[in-house]
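# Chain and residue survey
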Amino acid sequence: MGICSADSCICHSCVGPNRMVARYVYGVIFLLTSVVAWMVRDYSHRALDSLHYLSGCEGEFDCLGSEGVLRVSLGCFLFFFIMYLTTVRTSRTDDPRDAWHSGWWPVKSLLWVFLMVIPFFIPSSFIQIYGEIARFGAGLFLIIQLISILNFVYWWNESWLSDKNIRRCRVPIVSVSAFSIVTSIAVMVLMYIWFAPRPSCSLNIFFITWTLILIIIMTIISLKPEVNAGLLTSGLMGLYLVFLCWSAIMSEPISETCNTRHRQTGKGDWLTIVSFLIAFGAIVMSTFSTGIDSKAFSFKTVEEESEDKVPYGYGFFHFVFAMGAMYFAMLFVGWNLHQTTQEWSIDVGWASTWVKIVNEWLAAALYIWTMVGPFILKDRDFSSH
């Protein structure tokens, strides 16, 4: 029983881990690629400068690291986009593409290495074009992530309010809602103290005040009897808006004097390194958690359950990782293709600040739309979020 033929052993090595483990393997691949991108940006200037065809990087030595990030990002994007094209619409476990997604790791490892190397032989002009495209891809990733977060908030609320859980979840609902609201208020008070210490800090005052106004509007609408979205959803979304506002102001350049808190300086001090590692981990986790949430983007109201159905959408999973490759590139270069970034820094600069602020406003607008949309478009079915 322990003996297998050569063919069966080869097939077993190709199939590799099961379908659920496979997604973690892809997460590790994405993590390794992100580490490579960071090392290329911060520690490979001399190596890149020795490649004569990279010397024309906008005529600046310091931009080689940022362009190197784009090259690594391009390789990662191509890997996951190829996986997307070869697994999209896979719905059954007996589909040959299921084995391709869940196994064939030696082949895919070689493909990943090949795609990591090839972009470094592509002319800089093409890499700059990819960088412009990556801005849109990263923006699409943020939208997908936002929809996934909103879907999770509604799922959490509906799960606790279901007939099965309502009796035992009353106290947790009140507790989490109260915690979200109190935390949001406390953090906003701290933001006024730390980020707007003077009346001249008008931009930060505007960011914080507008966030407060949006939270008040969302809460009022959610408590309307006709809407009845509840304090849990508005509390969690308010907390998310406060986080985005905080993150946006913390992304302001170091030259901005209104921010009195310690920020990423590029000096490699312990606080900068810890902040970098937390942000780095957040990139990978946000990409992974969004990638497995294909149900949030399913337009089918009823899905048939069967034993041979794949556990998650392979195509959507790889598409999110492909967009995530563009997203981490924008974070490492601060959404500015010609910006020289400091070591141990992520998502710093005015471009990063405004991207987060717009993302915050979009989150509020989308949440409000999910509440008022059924009354504006009465003929549409909004019964499931």
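Residues numbered from 1 in each chain as written. Predicted model: local features only at pLDDT ≥ 70, side-chain atom pairs only at ≥ 80, totals over all residues. Heavy atoms only, no water.

## Notes on the nonpolar core
Grouped together as the largest cluster of nonpolar side chains are 54 residues, with contacts concentrated most on Y26, F30, F79, F80, F328 and M330. Secondary-structure elements contributing two or more residues to this core are helix 2 (19-43), helix 4 (63-87), helix 6 (105-117), helix 7 (124-160), helix 11 (270-291) and helix 12 (314-333). Those residues in contact with F30 that lie beyond four places of it in its chain are C76, F80, I283, V284, T287, F321, G324, A325 and F328. Core analysis: the next-biggest nonpolar cluster, separate from the first, contains 34 residues, I215, Y240, V242 and I249 among them. (Core = buried A, V, L, I, M, F, W, Y, C linked by side-chain atoms within 4.5 Å. Buried < 20%, exposed > 50% of the residue type's maximum accessible area, 1.4 Å probe, protein only. Helix = DSSP H or I, 4+ residues; strand = E, 2+ residues; numbered from the N terminus. Contact = heavy atoms within 4.5 Å.)

## Considerations on the packing of aromatic side chains
Counted under the stated rule, the structure contains 25 aromatic pairs. Aromatic side chains F77 and F81 sit 5.3 Å apart centroid to centroid with 20° between the ring planes, which places their arrangement in the stacked category. Taken together, the positions of F77 and F81, both in helix 4 and 4 residues apart, correspond to about one turn of that helix. F81 gets classed as partly exposed once you look at its relative accessible area, which sits at 28%. Among the aromatic side chains, those forming a connected cluster through ring pairs are Y26, F30, F79, F80, W105, F317, F321, F328 and F332. Sitting above the plane of the W100 ring, K108 keeps its charged end 5.3 Å from the centroid. Geometry around W105 places K108 over its ring, the cationic atom sitting 3.8 Å from the centre. (Phe/Tyr/Trp six-rings, centres within 6.5 Å; stacked < 30°, edge-to-face > 60°. Lys NZ or Arg CZ within 6 Å of the ring centre and 35° of its normal.)

## Things to note about a nonpolar patch on the surface
Residues I181, I185, V189, L190, Y192, I193, L212, I216, I220, L223 and L231 make up a contiguous nonpolar surface patch of about 900 Å² in total accessible area. Residue assignment for the nonpolar patch shows that the elements contributing at least two residues are helix 8 (170-195) and helix 9 (202-222). The element contributing the most residues to the nonpolar patch is helix 8, with 6 residues. For L190, the location among the structural elements is in helix 8. Given a relative accessible area of 32%, L190 falls into the partly exposed group. (Patch = residues over 30% accessible without salt bridge, like charges linked within 9 Å, V, L, I, M, F, W, Y side chains within 5 Å. Areas by Shrake-Rupley, 256 points an atom, 1.4 Å probe, with all protein chains shown as cover. Salt bridge = Lys/Arg side-chain N within 4 Å of Asp/Glu carboxyl O.)

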